[in-house]
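Inside the fold
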Amino acid sequence: VQLQAFGGGLVQAGGSLRLSCEASGSVISPNGMGWYRQAPGNGRDLVATSTTGGITNYADSVKGRFTISRDNAKNMVFLQMNDLKPEDTAAYYCRLWTFSTAPQQNYWGQGTLVTVSS
């Protein structure tokens, strides 16, 4: 399975960006897909996740500003980011993991950089 993420860029504070990630290859369902981010000098933190069944989870810092959505038929996940803040600046990584396989399968895409200027 390969994950391709795109949609990052430079935006002013208060602006919006939409990230997309497409999984290709032998994608097993049910699964979870989500976004994590890593700022320079920091670890990789959860931003938002969504399962094929529609269960979502958000970091407290993005609740009310970011929305995760999926197109299960196309194995895609999206992250709509509104009211962006300079502290949202990071490399954003897409992740896919399986629920029903043993061991769990876990895949990461390449990062897409989001830079928010003040």
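Quick look at the structure, then.

Definitions and limits used
Residues numbered from 1 in each chain as written. Predicted model: local features only at pLDDT ≥ 70, side-chain atom pairs only at ≥ 80, totals over all residues. Heavy atoms only, no water. Helix = DSSP H or I, 4+ residues; strand = E, 2+ residues; numbered from the N terminus. Buried < 20%, exposed > 50% of the residue type's maximum accessible area, 1.4 Å probe, protein only. Contact = heavy atoms within 4.5 Å. Areas by Shrake-Rupley, 256 points an atom, 1.4 Å probe, with all protein chains shown as cover. Lys, Arg positive; Asp, Glu negative; His and termini not counted. Charge placed at Lys NZ, Arg CZ, Asp CG, Glu CD. Disulfide = S-S within 2.5 Å. Phe/Tyr/Trp six-rings, centres within 6.5 Å; stacked < 30°, edge-to-face > 60°. Polar contact = N/O pair within 3.5 Å; in protein donor to acceptor, adjacent residues only side chain to side chain. Pairing = 2+ DSSP bridges. Axes fitted to C-alpha atoms, helices over the stretch in contact; angles between N-to-C directions. Core = buried A, V, L, I, M, F, W, Y, C linked by side-chain atoms within 4.5 Å.

A count of helices and strands for the chain gives zero helices and eleven strands. N-terminal to C-terminal, the α/β element order of the chain is β-β-β-β-β-β-β-β-β-β-β. Its C-alpha atoms put the chain at 45 × 25 × 20 Å along the principal axes. Sorting the 118 residues of the chain into buried and exposed places 43% on the buried side. Taking as baseline every contact in the chain between residues at least 6 positions apart, the subset at least 24 positions apart corresponds to 54%. As displayed, the chain offers around 5,900 Å² of accessible surface, 48% of which is attributable to carbon and sulfur atoms. Distance between charge centres in the chain, computed from 9 positive and 7 negative side chains, equals 4 Å.

Turning next to the state of the cysteines. The term disulfide refers to a covalent linkage connecting the sulfur atoms of a pair of cysteines. Under the counting rule described, the total for this entry stands at one disulfide. In this model C21 forms its disulfide with C94; the gap between the sulfur atoms is 2.1 Å. On the sign convention where negative is left-handed, the bridge of C21 and C94, at about -85° about the S-S bond, is left-handed. Of the two residues, C21 sits in strand β3 (residues 17-24) while C94 sits in strand β9 (residues 90-98), which places them 73 residues apart along the sequence.

Working definition: an aromatic ring pair is given by the centre-to-centre distance plus the angle between the planes. Evaluated as defined, the whole model comprises two aromatic pairs. Summarising the aromatic geometry, the rings of Y36 and W108 are spaced 5.0 Å apart at their centres and angled 70° between planes, so their arrangement reads as edge-to-face. Of this pair, Y36 sits in strand β4 (residues 31-38) while W108 sits in strand β10 (residues 106-108); the two residues are 72 residues apart in sequence, bridging distant segments of the chain. The class of Y36 is buried, set by a relative accessible area of 11%.

Residue position: T101 is located in the loop between β9 and β10. Of note is the side chain of T101, whose polar atom sits 2.5 Å from the side chain of T98. There is a polar contact of 3.1 Å between the side chain of T101 and the backbone oxygen of P103.

The four strands lie next to each other as β1-β3-β8-β7, forming an open sheet whose pairing is antiparallel. Two strands lie at the open edges of the sheet, namely β1 (2-6) and β7 (66-71), each paired on one side alone. The mean inter-strand angle of the sheet, taken between neighbouring strand axes irrespective of direction, is 15°. Strand direction decides the pairing type here: β1 and β3, joined by five bridges, are antiparallel. Looking at the pairing, Q2 lines up with S24 of β3.

Further remarks concern the nonpolar core. With 27 residues, the main nonpolar core has W35, L79, M81 and Y92 as its most contacted residues. Breaking this core down by element, the ones donating at least two residues are β1, β3, β4, β5 (44-51), β7, β8 (76-81), β9 and β11 (112-117). Ignoring anything within four residues of it in the chain, the contact list for M81 reads G15, S16, L17, L19, R65, F66, Y92 and V114.

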